Amino acid sequence: QVQLVESGGGLVQPGGSLRLSCAASGFAFSRYSMTWYRQAPGKERELVAAITSAGGGTSYADSVKGRFTISRDNTKNTVYLQMNTLKPEDTSVYYCNAPAYCSGYVCYPPYWGQGTQVTVSS
């Protein structure tokens, strides 16, 4: 079965760092672009970072550019989000996502992890 399992969340002080991991199984991980989303209470879910299937291209939300880095290791079926210089406004539940993938006429659904809580506070 398809699984995306996030880990690495927790409580950190402003200015600190945290590294999130997402372990994938049950699908062709290396063929998928991967993304990280976050959603704070009362706010819309927002795209934080994205990475292409081979890891050669990345993109980031303006709010995290220069502070966050997305990466992946296809030999381990794992995608990472390195978060530096954390701010209180980064507090959110962070979700790992495999976007819908289509090859010819065959399409596969998106997959979502359960999320991991990141809290930035003194």
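Everything numeric in this text was worked out from a predicted model, so none of it was measured. (Residues numbered from 1 in each chain as written. Predicted model: local features only at pLDDT ≥ 70, side-chain atom pairs only at ≥ 80, totals over all residues. Heavy atoms only, no water.)

### So, the pairing of strand E1 (residues 3-7)
- Residues Leu-4 and Glu-6 of E1 are buried on one face, while the alternating residues Gln-3, Val-5 and Ser-7, pointing to the opposite face, are not.
- Two elements, E1 and strand E3 (residues 18-25), share five bridges in a ladder whose sense is antiparallel. Residue pairing in the sheet places Gln-3 in a bridge with Ser-25 of E3. (Buried < 20%, exposed > 50% of the residue type's maximum accessible area, 1.4 Å probe, protein only. Helix = DSSP H or I, 4+ residues; strand = E, 2+ residues; numbered from the N terminus. Pairing = 2+ DSSP bridges.)

### Here we look at the side chain of Asn-97
- Note on placement: Asn-97 falls in strand E9 (residues 92-98).
- We classify Asn-97 as buried; its relative accessible area is 4%.
- Side chain to side chain, Asn-97 and Thr-35 meet in a polar contact 2.8 Å long.
- Among the polar contacts made by the side chain of Asn-97, one reaches the main-chain carbonyl oxygen of Tyr-111 at a distance of 3.1 Å.
- When near neighbours in sequence (up to four residues on either side) are disregarded, Asn-97 contacts Leu-4, Ser-33, Met-34, Thr-35, Tyr-37, Pro-110, Tyr-111 and Trp-112. (Polar contact = N/O pair within 3.5 Å; in protein donor to acceptor, adjacent residues only side chain to side chain. Contact = heavy atoms within 4.5 Å.)

### Quick notes on the pattern of salt bridges
- Taken as a whole and judged by the stated rule, the model has four salt bridges.
- Linking Arg-38 and Asp-90 is a salt bridge whose minimum nitrogen-to-oxygen distance equals 3.0 Å. You can see Arg-38 sitting in strand E4 (residues 34-39) and its partner Asp-90 sitting in the loop between strand E8 (78-83) and E9, a full 52 residues away along the chain. Summarising the burial analysis for this pair, Arg-38 and Asp-90 share the class buried.
- Residue Arg-67 pairs with Asp-90 through a salt bridge whose shortest N-O separation is 2.8 Å. Of this pair, Arg-67 sits in the loop between strand E6 (58-60) and strand E7 (68-73) while Asp-90 sits in the loop between E8 and E9; the two residues are 23 residues apart in sequence, bridging distant segments of the chain. (Salt bridge = Lys/Arg side-chain N within 4 Å of Asp/Glu carboxyl O.)

The values reported here are purely geometric and, on their own, carry no functional implication.
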